[in-house]
Amino acid sequence: MFLDKEAFKKEYKDRFKEITGEIFEESTLEDRYIVLTSLIMKYVAPYMAESHSKMNKENNGKRVYYFSMEFLIGKLLMMNLMNLGVLDIVSEGLIDLGIDINELEAVEKDAGLGNGGLGRLAACFMDSLAFLNIPSVGMGIRYRYGLFEQKIIDGHQVELPDKWLQREYRWEIKKTSKSEIVKFYGHIKLEEIHGKLQVIHENYEPVAAIPYDIPIIDYDSKDVNYLRLWSAESVDDFDLASFNRGNYLNAVKNKAAAEAITHVLYPNDSNYEGRLLRLKQQYFFVSAGLKGIIRRYKTNNETFNEIEKKIQIQINDTHPSLVIPELMRILMDEEGFEWKESWDKVTEICAYTNHTILPEALETWPVDMMKNLLPRIYMIIDEINRRFIEECTAEERKVRIENSILRDGVVHMANLAIIGSKSVNGVAKLHTEIIIKETFKGLYQIYPWKFNSKTNGVSHRRFLMKANPYLGNMISGAIGEGWKKNAEKLQELEAHCGKEDCLEKLYQAKRKNKERLAAYVEKTMGIHLDVDSIFDVHVKRIHEYKRQLLNVIHIMYLYDKIKHEDMVIVPRTFIFAGKAAPGYYMAKKIIQLINSLAEIVNQDRKVSQYMKVIFLENFNVSLGELIYPAADVSEQISTAGKEASGTGNMKFMMNGALTLGTLDGANVEIAERVGMDNIFIFGLKSEEVLAHQKRQDYCSYDDYHSNPDLRKTINHFVDGFFRYDIGEFKEIYDSLITHNDTYFVIKDFESYKEAQKRIETTYQDRRLWFSMTLKNIAKSGYFSSDRAILDYDRDIWHIKGGN
């Protein structure tokens, strides 16, 4: 690419004339961003073709296809420049032209392709697949609108459209020639043709699937994978006859109905139409993706004899589980294979990653809905289910019936994924133990060899190198730059834990990051933060099991002690962020609660000198990149046994925040690596939670009644403390007392309070605190997504290591 900044400046200004037809001096900031992305893509597009040709030869044409409903890839400008090795050249060249590259990055919107950890994990995996030169394609949906743009108005979450595609997305390449047709509804007819039974799908509704490819660039090389996103369009988008009759709306109804499939990420499923649209979305991208995969396979192979040695499909959570019956349909109905041969191939191609512990959260679809929308797919699922039940011994039959795919009038998608896959993995050791012993106990008895654990990981290149240059420079100064390509080399920092100069540089890096976040808060919210206070951060999707409520109750407790008993604490800034699902009433109530408490705390002169509470709206990848480096304390306080893994805990750890958490999800493995002296663990263990639930012996009222401080704090929900109608937060009170505290908030309060006291004591010893911080960073290399992908490939895909 560009050898120096002078070469870059010349190419950039030449490209400017080609793209805009204007002189550089009269350009807008958006013009400058568009030209820069165009110049980058000019180089990247040829790299895509060259790298796949090279990687195919090196890996015998084998690829992994990663199917996921979400890919939270964040902004790509800085990442792409960093991965191409020209970030400094471009930044310096732009400065010479009077441009701040950070202002150009601000023009780009975060891609609205996900909601939470599932999407961030998928994006990290795509980054690592490219870095490790594993030929791969991400398969997802090109949502016209993201989940929603969150605004906080009068303390309430308000959802606005996330118009991330309002302007052209500069990193994608439209591939109209690779479009596919996806079929919905209709009838299935079986006919014998030339002595063979043929399946004919009649009177179906066709929808065109148009692929858009986003390059995923390797770090420090020219290898490029890609993320393929499918957009829905109508096959017949304009009915001229209806238009001429004056029926203008009817003339475009097919277009509107088709495009609705990829309009919004996770349509509200509290009604039938919303659920139907979700099912349409899932089949749409699964069918389009598989058709594209098979089309490519047939171009490069003469027979299907070894398709399972060329194609591996990873199903990320249950949303893409229809891969299994759809691949069966293609092999049988379109390629002429018999059932057994098709099933043998499918169950060697597909692998499933489970992300859900709670049985009530496992995805199901009404049988009637599936049968009507996807008649052929339902027939195949029905036959998979019949064979699963019948092809066994009499002793096994009862267990198989209890774990069948079709049961109680619904299709159990996780059961389909497990039965049709060669591998079933959890995403942390504890999570895997729970799904084996509890969630999927019966299926584990039948298929013990399928189950394995693959602890999640995150991209240290995005969330440390890119997001935290202050810390990155400090690390490179201490141990060199090898960690950028091999995160395990971060372990070498452990030898520096006792070195004063290193700890001082770590302190300075943390302070700069806190100043950066404080400046953002002051600019966007008008609230001044004390950067010498403890930045205690709780950012994640708002959900009762994630227990933002426990954090809030503790803040209310501190407020009372400071206000009425003159307690003095080390200054603390409590930072919250996260979205609540539009239909999740209690989660939205918790957001209102946090903002109501923030108003009381921040306006109280006596209390606010010791603590502040803020809620940062519209949490996304870019905001996360600002928050993670600034955190002192990482709140990972879910009810033990409820969180599958978590990835925020890993990002905070990499950036030098100390974990305050339960022994849940990947917290367990973080504690194992850093040692219990370098983490703040509290609360019930997962087996204790499970025991209470089985014995039904927990009574939240007893704990509430026996603890005067806690009782006073919880009573604030109904005693007028919040200056609203006295019943504004009664549902929260009732959830804790009347409905017996499902998530053990009251039970864990005292333990949580004591852990917070340990944090305060430790923070006052700066040398000890930053020694613990450095130890956490040193041990965070294990949680790189590079390690996770190598684990998947070694045990499941066998691409780099052969068959």
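Structure report, in brief. Since the model is a prediction, treat every value here as computed from it, not as a measurement.

1. Notes on a nonpolar patch on the surface
So, step 1. A surface patch of nonpolar side chains, about 270 Å² in accessible area, is lined by Leu 190, Leu 197 and Met 379.
So, step 2. Inspection of the secondary structure assignment puts Met 379 in helix H14 (residues 375-390).

2. Observations regarding the nonpolar core
So, step 1. Core analysis: the largest hydrophobic core is formed by 230 residues, its most contacted members being Tyr 12 and Phe 717.
So, step 2. Ignoring any residue separated from it by four or fewer positions in sequence, one finds Phe 717 in contact with Leu 549, Ile 553, Met 556, Leu 593, Phe 722, Ile 726, Phe 729, Lys 730, Ile 732, Tyr 733 and Leu 736.
So, step 3. Core analysis: the next-biggest nonpolar cluster, separate from the first, contains 38 residues, Leu 529, Val 539, Ile 681 and Tyr 782 among them.

3. Points about the pairing of strand E3 (residues 149-153)
It is a general feature of regular strands that their side chains alternate between the two faces of the sheet.
So, step 1. Inspection of the sheet shows E3 paired to strand E4 (residues 156-160) by five bridges, in the antiparallel sense. When the bridges of E4 are listed, Gln 150 appears paired with Glu 159.
So, step 2. Here E3 folds back onto E4, and the loop between the two strands holds two residues, one of which, Asp 154, carries a positive phi near 55 degrees.

4. Description of the sheet that holds strand E19 (residues 572-577)
So, step 1. Strands sit in the order E20-E19-E18-E21-E22-E23 across an open sheet of six strands; the sheet is parallel. Both edges of this open sheet fall to strand E20 (611-616) and strand E23 (680-681), since each of them pairs with a single strand only.
So, step 2. Examined bridge by bridge, strand E18 (residues 534-539) and strand E21 (residues 633-636) share two bridges and lie parallel to one another. Its bridge partner lying in E21, Asp 536 is registered against Val 633.
So, step 3. Helix-sheet contacts for helix H23 (residues 585-602) involve E19 and E20, and the interaxial angle to E20 is about 145 degrees.

5. What about the pairing of strand E1 (residues 63-67)?
So, step 1. Burial analysis of E1 places five of its five residues in the buried class, which makes it a mostly covered element.
So, step 2. The two faces of E1 match: Arg 63, Tyr 65 and Phe 67 on one face and Val 64 and Tyr 66 on the other face are all buried.
So, step 3. Examined bridge by bridge, E1 and strand E11 (residues 311-316) share five bridges and lie parallel to one another. Residue pairing across strands places Arg 63 opposite Ile 311, the latter belonging to E11.
So, step 4. Both E1 and strand E2 (residues 136-141) contribute to a ladder of four bridges, which runs parallel. The residue of E2 that forms the bridge with Tyr 66 is Gly 138.

6. Thoughts on the environment of Val 286
So, step 1. By the element assignment, Val 286 lies in helix H10 (residues 272-300).
So, step 2. Along the backbone, Val 286 and Leu 490 are 204 residues apart, and their C-alpha atoms lie at a distance of 39 Å.
So, step 3. With near-sequence residues (within four places) excluded, Val 286 lies in contact with Phe 67, Pro 320, Leu 322, Val 323 and Glu 326.

7. What about helix H27 (residues 667-674)?
So, step 1. Taken residue by residue, H27 has Asn 667, Glu 669, Ile 670, Ala 671 and Val 674 as its buried positions.
So, step 2. Turning to H27, the residues buried within the fold contact helix H17 (429-439), E21, helix H26 (648-654), strand E22 (658-661) and helix H33 (766-779).
So, step 3. Two residues or fewer past H27, Gly 675 is found with a positive phi of approximately 90 degrees.

8. Quick notes on the side chain of His 460
So, step 1. Examined against the element boundaries, His 460 turns out to sit in helix H19 (residues 460-466).
So, step 2. Not counting residues within four places of it along the chain, the set of residues in contact with His 460 comprises Met 465, Trp 483, Lys 484, Ala 487, Met 654, Ser 784 and Asp 786.

9. Describing empty space enclosed by the protein
So, step 1. All told, the structure shown has four cavities of 30 Å³ or more when counted by the stated rule.
So, step 2. A volume near 200 Å³ is recorded for the largest cavity.
So, step 3. What lines the largest cavity is a set of 18 residues, among which Ile 73, Met 79, Ala 123, Asp 127 and Arg 462 lie closest to the centre.
So, step 4. Looking at the lining of the largest cavity, the elements with two or more residues in it are helix H3 (77-84), helix H6 (117-131), strand E9 (205-217) and H19.
So, step 5. With five residues, the single largest contributor to the lining of the largest cavity is H6.
So, step 6. Approximately 70 Å³ is the volume found for the second largest cavity.
So, step 7. Along the walls of the second largest cavity sit Lys 540, Lys 546, Gln 636, Ile 637, Ser 638, Glu 643, Ser 645, Gly 646, Asn 649, Asp 664 and Asn 667, which together make up its complete lining.
So, step 8. In terms of residue class, the lining of the second largest cavity is made up of one nonpolar, six polar and four charged.

10. Quick word on the environment of Gly 98
So, step 1. With respect to the helices, strands and loops of the structure, Gly 98 is situated in the loop between helix H4 (87-96) and helix H5 (101-107).
So, step 2. Sequence-wise, Gly 98 and Gly 186 are 88 residues apart; in three dimensions their C-alpha atoms are separated by 60 Å.

Definitions and cut-offs
- Once a new chain begins, its residue numbering starts again from 1 and follows that chain's sequence as written.
- The predicted origin of the model limits local features to residues at a pLDDT of at least 70 and limits the giving and counting of side-chain atom pairs to 80 or more, whereas totals for whole chains, interfaces and linings rest on all residues.
- Just so you know, side-chain values use all the structure's heavy atoms and leave hydrogens and water out.
- Candidates for patches are residues over 30% relative accessible area with no salt bridge; among them, like charges are joined within 9 Å and nonpolar side chains (Val, Leu, Ile, Met, Phe, Trp, Tyr) within 5 Å.
- Surface accessibility follows the Shrake-Rupley procedure with a 1.4 Å probe radius. Residue values consider only the protein chains on display as shielding.
- The salt bridge criterion pairs a side-chain nitrogen of Lys or Arg with a carboxyl oxygen of Asp or Glu, the two atoms within 4 Å.
- Counting from the N terminus, the helices are the DSSP runs of H or I reaching at least four residues and the strands are the DSSP runs of E reaching at least two.
- We call a set of buried residues a nonpolar core when its members are Ala, Val, Leu, Ile, Met, Phe, Trp, Tyr or Cys and they connect through side-chain atoms within 4.5 Å of each other.
- The cut-offs for exposure are 20% and 50% of the maximum accessible area for each residue type, with area from a 1.4 Å probe on protein chains only; residues under the lower value are buried, those over the upper are exposed, and the others partly exposed.
- Pairs of residues are marked as contacts when any of their non-hydrogen atoms sit within 4.5 Å.
- Note on pairing: DSSP must find at least two bridges between two strands before they are called paired.
- Geometry is summarised by axes, namely lines fitted to C-alpha atoms with helices restricted to the contacting stretch, and by angles between N-to-C directions that run from 0 to 180 degrees.
- Grid points spaced at 1 Å over the protein atoms alone were grouped into cavities, where a 1.4 Å probe fits but cannot get out, and pockets, open sets with protein on both sides within 12 Å along at least five of seven lines, with lining residues defined by an atom within 4 Å of a point.
- Grid points are joined across faces, edges and corners, and a volume is the space filled by probe spheres set on the points.
- In this count, Pro and Cys sit with the nonpolar residues alongside Ala, Val, Leu, Ile, Met, Phe, Trp and Tyr, while Asp, Glu, Lys and Arg are called charged and the others, Gly among them, polar.

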